[in-house]
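Structural characterization, general
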2 protein chains.
Amino acid sequence: MIGSDAGWQPVPYLACPLALEALNGQLYEVAEKVWIVPGLKVAQAADYDVMRGEETQLLGAWQLMPAECYVMPGTHCKWVQVQNGVVRQFATAMTGELHHLLLNHSLLGQQLPAQFPDEASFALGIEKGLNQPALLSGLFSARAARVLGSLAATSVSDYLSGLLIGAEVATFSERYRASRVVLVGEHSLNARYQQAMAARGLAVSCCSGEAAFSFGYSEDD
Amino acid sequence: MIGSDAGWQPVPYLACPLALEALNGQLYEVAEKVWIVPGLKVAQAADYDVMRGEETQLLGAWQLMPAECYVMPGTHCKWVQVQNGVVRQFATAMTGELHHLLLNHSLLGQQLPAQFPDEASFALGIEKGLNQPALLSGLFSARAARVLGSLAATSVSDYLSGLLIGAEVATFSERYRASRVVLVGEHSLNARYQQAMAARGLAVSCCSGEAAFSFGYSEDD
């Protein structure tokens, strides 16, 4: 991110709660006609979180599809609570990164053949994740079930994906007391989340992440 | 493990519930005067788990310090429920491996300096982990708190260690309804778990992992 401390020029985070419309007035001019959109932060009690980049997409999604809870799936999935156009709080789930780590660097992924889509294993993972969102207790099942012959070696990726997404949906939908959410992401990832959210009884609308970003970007102008 | 499918000779897992004393009669003779101790498995409903190696240690610990709940910290921490000498069930928490993965392969560990012991950050992590055992919701705080200046870059390891151990203790002590546990491991790791367990109100006794193994091994003879 060009506005991060490893980027072009550090731009301070704006604290939540923050009115989304206020983002327009807070652009950070780093050169003539060059602005950086600041990121958002949560820093209250022992609760810390940051986002940088997603806020532009969020602004667009909010204009396109007003709602109280946005979920932006990805490497670091963001759950954002909005009330009357004000971002009250948000939280990051490292779901995508964990899936990558577990599959590529942990015992769960060792000696795996090429992975294939497996709807049934994905659904089984979702069910377990929704029921046992305390992730530490379920992860190793991806190894044990394989060793014991109950999970195909080519389906570990989809099982883990379901497990992680299920745990995420259970955890954050409860924390934000969300019953309706807008998913902002690319189509196939939205579809994965939608399945877990439907199983949890959430009402879901989908917004293309690309469309949201374009709209948010033009709103910034 | 020499008895695993990647080892010397595959030895089948014994299913729980299993009487610990029965282990003696179930040694697997692979050559003259050479026996392999079989591992244990849980395979019921959608619940799968395996252990191989720890069962010998468990046998020793049970002889040395009879109890109903054993916790064996490590890369893959085992929680074992024993009733009247019968292993009812057990579960694996990938706590140690996750700590390694997050610190060495994830964004949380990127650009970190050498890590130093930090009691306060460890305790803060324990508190957060005990309160929010749904791990996905807390992990990213190790990044955000550092970026926002609230967690020293040299203390991320101890904070994460507390967070993971706290989440594990909250999750499994509730599942096994444990109020007293015997920790079986090496001294410094036992001490970490003991701190989290004390904060949770568990009564804890410690057993040296090495002593338990030696005793269990001699029991096998």
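Residues numbered from 1 in each chain as written. Chains lettered and ligands numbered in written order. Predicted model: local features only at pLDDT ≥ 70, side-chain atom pairs only at ≥ 80, totals over all residues. Heavy atoms only, no water.

Looking at an unreviewed UniProt entry, chain A carries the name 2-dehydro-3-deoxygalactonokinase, with the source organism given as Klebsiella pneumoniae IS43.

**Topic: the overall build of chain A**
Put simply, the test is: Elements are defined by DSSP. Helices are runs of H or I of four residues or more, strands are runs of E of two residues or more, and each kind is numbered from the N terminus. As a reference, a globule follows 2.2 Å times the number of residues to the power 0.38, and the radius of gyration itself is taken over C-alpha atoms. In this scheme, a residue with accessible area under 20% of its type's maximum is buried, one over 50% is exposed, and one in between is partly exposed, where area comes from a 1.4 Å probe on protein chains only. It only takes one pair of heavy atoms within 4.5 Å for two residues to be counted as in contact. Positive residues here are Lys and Arg, negative ones are Asp and Glu, while His and the chain termini are left out of the count. Every charge is mapped to an atom, namely NZ of Lys, CZ of Arg, CG of Asp or CD of Glu.
Helix and strand counts for chain A stand at seven helices and eleven strands. Against the globule reference of 17 Å for 221 residues, chain A gives a C-alpha radius of gyration of 19 Å, in line with a compact fold. When the 221 residues of chain A are sorted by exposure, 54% land in the buried category. Long-range pairs, those at least 24 residues apart, make up 66% of the contacts in chain A with a sequence separation of at least 6. In chain A, 13 side chains carry a positive charge and 21 a negative one; their mean positions are 9 Å apart.

**So, helix α6 (residues 187-199) of chain B**
All names here are of chain B. Under the convention used in this document: One less than the number of residues in a helix, times 1.5 Å, gives the span that helix is expected to have. Each C-beta atom gives one direction from the helix axis, and the arc is the one those directions make.
Compared with the 18 Å implied by 1.5 Å per residue over 13 residues, the 18 Å span of α6 between its first and last C-alpha is a close match. Those residues of α6 lying buried are N190, Y193, A196 and M197. Buried positions in α6, seen along its axis, are confined to an arc of 130 degrees and lie on one side of it. Set apart from the buried face of α6 by more than 90 degrees, the exposed residues are H187, A198 and A199.

**Quick notes on the packing of helix α5 (residues 156-175) of chain B against α6 of chain B**
Residues and elements named next belong to chain B. Cut-off, in case you're wondering: For helices, the fitted line uses only the C-alpha atoms of the stretch in contact; every axis is such a line through C-alpha atoms, and the angle between N-to-C directions lies from 0 to 180 degrees. Geometric relationships in this document are graded by angle, where less than 35 degrees denotes roughly parallel, more than 145 denotes roughly antiparallel, 65 to 115 denotes roughly perpendicular, and other angles denote oblique. Handedness of a crossing is defined here by the sense of rotation of the near helix relative to the far one, left-handed for an anticlockwise turn of less than a right angle and right-handed for a clockwise turn. Side-chain classes follow a simple rule in which Ala, Val, Leu, Ile, Met, Phe, Trp, Tyr, Cys and Pro form the nonpolar group, Asp, Glu, Lys and Arg form the charged group, and the remainder, Gly included, forms the polar group.
Between α5 and α6, the least distance of the axes is 9 Å, while the angle of their chain directions is 55 degrees. When the axes of α5 and α6 are compared, the pair comes out oblique. As α5 runs across α6, the sense of the crossing is right-handed. Contacts between α5 and α6 involve D158, S161, I165, E168 and V169 on the former and, on the latter, R192, Y193, A196 and M197. Here the contact of α5 with α6 is built from residues that sort into five nonpolar, one polar and three charged.

**With respect to α5 of chain B**
Residue and element names in this part refer to chain B. For α5, built from 20 residues, the straight-helix expectation of 28 Å at 1.5 Å per residue is met to within 8% by its first-to-last C-alpha distance of 28 Å. Burial within α5 is extensive, with 18 of its 20 residues counted as buried. Of the residues trailing α5, R177 is marked for its positive phi of about 45 degrees.

**Observations regarding the relation of the copies chain A and chain B**
The cut-off we apply is this: Least squares is the method for superposing the copies, and the C-alpha atoms it fits come from residues with pLDDT of at least 70 in both.
For the match of chain A to chain B, the screw axis carries a shift of 0.0 Å, the RMSD comes to 0.0 Å, and the turn is 180 degrees. Put plainly, the chains are arranged around a two-fold axis. Proximity to the rotation axis, assessed at the C-alpha, singles out A134 of chain A in chain A; its C-alpha lies 2.1 Å from the axis. Looking at the interface residues of chain A, 100% of them are also at the interface in chain B, so both copies use one shared face.

**What to know about the nonpolar core**
In plain terms, the rule: In this description, a nonpolar core means a group of buried Ala, Val, Leu, Ile, Met, Phe, Trp, Tyr and Cys residues linked to one another through side-chain atoms lying within 4.5 Å.
One finds W79 and L139 of chain A together with L139 of chain B to be the most contacted residues of the largest nonpolar core, which totals 69 residues. Here this core gets ten residues from one element, more than from any other, and that element is helix α5 (residues 156-175) of chain A. Those residues in contact with L139 of chain A that sit more than four places away from it in its chain are L102, L108, L160, L163 and L164 of chain A together with M94 and L98 of chain B.

**Quick look at empty space enclosed by the protein**
Over the atoms, a rolled probe matching the size of one water molecule traces out where space is still vacant. Condition: The definitions used throughout rest on a 1 Å grid laid over the protein atoms alone, on which a cavity is an enclosed set of points accommodating a 1.4 Å probe that cannot get out and a pocket is an open set flanked by protein within 12 Å on both sides along at least five of seven lines; lining residues are those having an atom within 4 Å of a point. Grid points are joined across faces, edges and corners, and a volume is the space filled by probe spheres set on the points.
Taken as a whole, this structure holds two cavities of 30 Å³ or more when the rule is applied. The calculated volume of the largest cavity comes to roughly 80 Å³. Along the wall of the largest cavity there are 13 residues; nearest its centre are D47, Y48, D49 and A91 of chain A together with S137 of chain B. Where the lining of the largest cavity is concerned, the elements lending two or more residues are β6 (47-51) and β9 (86-93) of chain A. Within the lining of the largest cavity, the residues separate by chemical class into five nonpolar, four polar and four charged. A volume near 60 Å³ is recorded for the second largest cavity. K128, S137, G138 and S141 of chain A together with D47, Y48, D49, F90, A91, T92 and R175 of chain B are the residues that line the second largest cavity.

**Digging into the sheet that holds strand β5 (residues 40-44) of chain A**
Residues and elements named next belong to chain A. Definition in use: Pairing between strands is defined by DSSP: at least two bridges between the two strands are required.
If you walk across this open sheet you meet the three strands as β1-β5-β6, and the pairing is mixed. The sheet is open, and its two borders are formed by β1 (14-15) and β6, each paired with just one other strand. Pairing geometry for β5 and β6, over five bridges, is antiparallel. Bridge pairing links L40 to M51 in β6.

**Topic: the interface of chain A and chain B**
Filter applied, for reference: Salt bridges are counted wherever a side-chain nitrogen of Lys or Arg sits within 4 Å of a carboxyl oxygen of Asp or Glu. Whenever two N or O atoms come within 3.5 Å, that pair is a polar contact, provided that in protein one can donate a hydrogen and the other can accept it, and provided that, for residues adjacent in sequence, both atoms are side-chain atoms.
Between chain A and chain B, the residue contacts involve 44 residues of the former and 44 residues of the latter. Counting across the interface, chain A meets chain B through zero salt bridges. Counting every contact that joins chain A to chain B gives eight residue pairs in polar contact (both at pLDDT 80 or more). Of all the elements in the fold, those that place two or more residues in the side of chain A that touches chain B are β5, β6, β9, α2 (95-105), α4 (141-147) and α5 of chain A. Among the residues forming the side of chain A that touches chain B, the class breakdown is 26 nonpolar, ten polar and eight charged.

**A few points about the pairing of β6 of chain A**
Among the five residues of β6 of chain A, four are classified as buried, and the element is accordingly described as predominantly covered. Taking the residues that link successive antiparallel strands as the turn, the β5 of chain A-β6 of chain A hairpin has two residues, and the phi of A45 of chain A there is positive, at about 50 degrees.

**Some remarks on the pattern of salt bridges**
Residues and elements named next belong to chain A. All chains considered together, the criterion is met by two salt bridges over all chains. The salt bridge involving D158 is made with R192; its shortest N-O contact spans 2.9 Å. Of this pair, D158 sits in helix α5 while R192 sits in helix α6 (residues 187-199); the two residues are 34 residues apart in sequence, bridging distant segments of the chain. We classify R192 as partly exposed; its relative accessible area is 26%.

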